[in-house]
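# A closer look at the structure
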Protein chains: 2
Amino acid sequence: MPQRPGTRFTATELLERLAGLHPDLLILGPADLQGRHPGEHAENFAGGVMAQPGSTAAAAALVSWCAAHDVAIVPQGGLTGLVGGNVSHAGEVILSSSRLNRIVAIHPEEMTVVVEAGVPLETLQQAIDAHGLTTGIDLGSRGSATIGGMVSTNAGGILAFRNGVMRHQVLGLEAVLPSGAVFSDLTRVVKVSAGPDLKHLFIGGEGAFGFVTKVVLKLEPQRPARATAFLGVADAAAALAVIRHFRDLPSVTLEGAEMMWPRYIRDGAALKGFDLSWLEDGAAALLIEVSAETVEAATAALEEGLETLWEPVGLKGGVIAQSLDQARKFWDIREDSGFYYPSIPHAPSFDISVPPTHLDAYVAGLDARLKAIDPSYAAYVYGHVADGNLHLTLIKPGPLPMDELLAVENAIYTGIVEAGGSFSAEHGVGTEKRHAYETFASPEKQALARTIKQAIDPKGLFNPGKVPF
Amino acid sequence: MPQRPGTRFTATELLERLAGLHPDLLILGPADLQGRHPGEHAENFAGGVMAQPGSTAAAAALVSWCAAHDVAIVPQGGLTGLVGGNVSHAGEVILSSSRLNRIVAIHPEEMTVVVEAGVPLETLQQAIDAHGLTTGIDLGSRGSATIGGMVSTNAGGILAFRNGVMRHQVLGLEAVLPSGAVFSDLTRVVKVSAGPDLKHLFIGGEGAFGFVTKVVLKLEPQRPARATAFLGVADAAAALAVIRHFRDLPSVTLEGAEMMWPRYIRDGAALKGFDLSWLEDGAAALLIEVSAETVEAATAALEEGLETLWEPVGLKGGVIAQSLDQARKFWDIREDSGFYYPSIPHAPSFDISVPPTHLDAYVAGLDARLKAIDPSYAAYVYGHVADGNLHLTLIKPGPLPMDELLAVENAIYTGIVEAGGSFSAEHGVGTEKRHAYETFASPEKQALARTIKQAIDPKGLFNPGKVPF
């Protein structure tokens, strides 16, 4: 078996050689990393050597040294990635953004912010809160997920149907290229038509094209006056009709539209003792949140919506939260989506998107395809229905044997790209979806990605073994 | 002087060789093009040979033939580009999207549309109007500008501060690569994190990386109940305070915020006999349009805004349109921005962006820098103040002698990229901003662009001589 690219040196050799490389570069070794939490993957720290630059210049010095000495680099942010994109191996240098943690500038008048890559989302949210602003993107892992990591995986969340994903909020960025050169495009305006917009290579690039050091983000106004409802729907088509109704209302802003298919809402509610008496048996649940000028206006819009939509959409029940506390309980059913893990350890889960109008056919077909593999198979299905992003969990303890996993992947991913969806909606490719990428991404897309990777990182030293190139 | 790349054949030779290449490929020669309007640049049709594919397969056949025979290709859409990006030369083949003009599918429930690249913006707008939808991007040249051309130049317009630019509305696209291979990424969802998102190379790529054949766009709900006002403001800082006020109102949507600096509003109004008695002498004018649930509610929001903002912002006057007809007259002052050309023929004009909070310092500095070149110099300044995009016109007949033009370019562009702005906000680079690109784009960005161009189009056959590579 050939040696992994970029693993010429042992950890001890790397520690010796990197010492004193740059005054603003901290180097940690295996002893320093022991006892630190490696995040979502046990192997994230397996490389054993971590460089923590405190400035872009220090990061560039590290990368230049690695380029000159053929040493591979694994960029890391908040270690919340779910697909193994941060896994490191002996001989590789982990390049961490943890000391690039300054909020450089907030510009409330123009609703932009400049941050270093290692700033956690929640820290940024708190800093801009006083200006009545939000990032327009929120995630369950907000406490540790960093802006740089969210850029590298093109993070999504519940507001993507309106604000888009991370890519749509990024105005500019700075990154160290595999050569060690610094690509600086700290644009602070949305309108740029000045040659190819190459920053998009780094957004969703999963560290394959460079190490993001700074980011300029567009911000959104806060809309705190809200109301929340649970509606019963027969299918995604009904949910889309509800969504369109609220999106068309000029004085109301739709803040969330999360659908839970029948098995998910039933089991989740049972576990939490959440009252489902408002929901017709066998119906799915749609969580709707809207904002308006006042809480009363938001609530009135939901009440009117329920009445207007009841007959034409065929709603299967509805309940409006009567307090913030009740609204939080509604959201908890959706956000505590790991409720099933204690009883189904390591249940295999997936994160896909399909065009919203295909959702019903997709879910019905999926059920049939899973049952064709094993008649006992069933899945929890829930997600961001307005943008077609579903999370799917097989109701069976994992990990599955490889042949069974491949059969399930086939059942879940086949046809999805051709329909206009994605086999990875918001988690990335990393190591865990390499097989899916090789099987389901179009050959032309894969070929073009390889061509560009080869041109930018000819030795393949940036995050090797992740997105296949 | 070396021959231009990709110009081995004469027009006659090309016509002979391309005849019958593909059943769905029309080939026009110099005789056919004579008398057709070449759009914004007289030299657009100078190549003399135009291929009009009726399908992606026909376009791929043409491109494959050109790749095999080292023939250069100039992609063309609606020919409304302002920077010479469509200029062709003898020996090059023009590849026109004019017969790729089908609206493939409208999906009103999910608010998306799939169109061929040659569909004009206005045609698309009319088709989606019945579904209560808009593209979220509008341009003066809507009648002829094509979706493919708008993708290739990353078109902007008046709603970029809220909806972003073309890049933010594109969900997927299909393009023929310089090799003749078809890159098909007709994603119809916003959430994709499945490897590098390479479609962004073609958005704003000005035809350097391939020929766009199909586009999937995200659509926005229409908001027809509107009100329009003209406000007097001392400077851009005041305008930004007004903008933030209306963006923060939950039940109102800001639909436009266009600022005209004093000289522009004074001369424009004088020419059109537009009453400026509401505006304090020497103040700038801010055109504000908002939508709400009803016209009355929109008008009330403007009235309240005027009252609330008058003192703290120091407004210099204000008038609210009392009818649709009056609102149209307000907009005409801004949109008929060529009013000065009859008296100042070929006045040199520029399209830049700076972070909105830099606008006042930029405009003051610009005036000083222009006067340092020639004390008689002055400029019309107006534009999309919410996103920092200014249009600037030198009040002097053009074209300027080259040394003078370079001095003016220096005065306008120097420092703009470092401040986080752009020397080309929404028009592209083309042939006319090559010098600006070479002078003001960062060397690292230019180097990375060359690396990628070389990897995708090693012979330099796609749109040669435009964005420099």
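So, how was this worked out
Residues numbered from 1 in each chain as written. Chains lettered and ligands numbered in written order. Predicted model: local features only at pLDDT ≥ 70, side-chain atom pairs only at ≥ 80, totals over all residues. Heavy atoms only, no water. UniProt positions renumbered as here; feature names shortened; annotations may be inferred. Helix = DSSP H or I, 4+ residues; strand = E, 2+ residues; numbered from the N terminus. Rg over C-alpha atoms; globule rule 2.2 N^0.38 Å. Buried < 20%, exposed > 50% of the residue type's maximum accessible area, 1.4 Å probe, protein only. Areas by Shrake-Rupley, 256 points an atom, 1.4 Å probe, with all protein chains shown as cover. Lys, Arg positive; Asp, Glu negative; His and termini not counted. Charge placed at Lys NZ, Arg CZ, Asp CG, Glu CD. Least-squares fit on C-alpha atoms with pLDDT ≥ 70 in both. Contact = heavy atoms within 4.5 Å. Buried area = accessible area lost by both parts, 1.4 Å probe. Salt bridge = Lys/Arg side-chain N within 4 Å of Asp/Glu carboxyl O. Polar contact = N/O pair within 3.5 Å; in protein donor to acceptor, adjacent residues only side chain to side chain. Expected span 1.5 Å × (residues − 1). Domains from an automatic or database assignment. Nonpolar A, V, L, I, M, F, W, Y, C, P; charged D, E, K, R; others polar.

- As annotated in an unreviewed UniProt entry, chain A is FAD-binding PCMH-type domain-containing protein from Ciceribacter selenitireducens ATCC BAA-1503.
- In its Cofactor (unreviewed entry) section, UniProt records this for chain A: "FAD".
- You can read under Sequence similarities (unreviewed entry) in the UniProt record for chain A the words "Belongs to the FAD-binding oxidoreductase/transferase type 4 family."

### Things to note about the overall build of chain A
- A tally of regular secondary structure across chain A gives 16 helices and 18 strands.
- Taken against the 2.2 N^0.38 rule, which gives 23 Å for 469 residues, the C-alpha radius of gyration of chain A at 23 Å falls within 12% of a compact globule.
- Seen along its three principal axes, the alpha-carbon backbone of chain A occupies a region of about 70 × 55 × 45 Å.
- Looking at chain A as a whole, 60% of its 469 residues are labelled buried.
- Working note: accessible area of chain A is about 16700 Å², and carbon and sulfur atoms make up 54% of it.
- Of the side-chain charges in chain A, 35 are positive and 52 negative, and the distance between the mean point of each set is 6 Å.

### Here we look at the relation of the copies chain B and chain A
- Under the fitted operation, chain B is carried onto chain A by 0.0 Å of movement along the axis and a turn of 180°, and the coordinates agree to an RMSD of 0.0 Å. On this basis, the relationship between the two copies can be described by a two-fold rotation axis. Considering only C-alpha atoms, the residue of chain B closest to the rotation axis is B:Ser251, which sits at 1.9 Å.
- Here 100% of the contact residues of chain B are again contact residues in chain A; the copies associate through an equivalent surface.

### A closer look at the interface of chain B and chain A
- Between chain B and chain A, the residue contacts involve 88 residues of the former and 88 residues of the latter.
- When chain B packs against chain A, close to 6900 Å² is buried across both sides, 58% of that on carbon and sulfur atoms.
- Contact with chain A buries area across many residues of chain B, yet B:Lys191, B:Ser193 and B:Arg244 alone supply 12% of it, more than any other trio.
- Joining chain B to chain A, the criterion identifies 6 salt bridges.
- Across the pair A:Glu426 and B:Lys191 runs a salt bridge, and its minimum N-O distance is 3.3 Å.
- Applying the counting criterion to the chain B and chain A interface returns 41 residue pairs in polar contact (both at pLDDT 80 or more).
- Taken together, the elements giving at least two residues each to the side of chain B that touches chain A come down to helix H6 (160–163), helix H7 (166–169), strand E9 (182–185), helix H8 (199–202), strand E11 (220–221), helix H9 (236–248) and helix H16 (443–456) of chain B.

### A look at H9(B)
All names here are of chain B.
- End to end, H9 covers 18 Å across 13 residues, agreeing with the expected 18 Å (1.5 Å per residue, within 8%).
- Most of H9 sits inside the fold, with 10 of its 13 residues counted as buried.
- The set of residues buried in H9 consists of Ala-236, Ala-238, Ala-239, Leu-240, Val-242, Ile-243, Arg-244, His-245, Phe-246 and Arg-247.

### With respect to the domain arrangement of chain A
Residue and element names in this part refer to chain A.
- Its domain assignment divides chain A into domain 1 (11–99), domain 2 (103–221), domain 3 (226–335) and domain 4 (343–426).
- Interface of domain 1 and domain 2: buried area, both sides summed, is about 1200 Å²; carbon and sulfur atoms make up 66% of it.
- Counting every contact that joins domain 1 to domain 2 gives 1 residue pair in polar contact (both at pLDDT 80 or more).
- At 6 residues, the largest contribution of residues to the side of domain 1 that touches domain 2 is made by helix H3 (residues 56–68).
- Of the residues that constitute the side of domain 1 that touches domain 2, the class distribution is 7 nonpolar, 7 polar and 1 charged.

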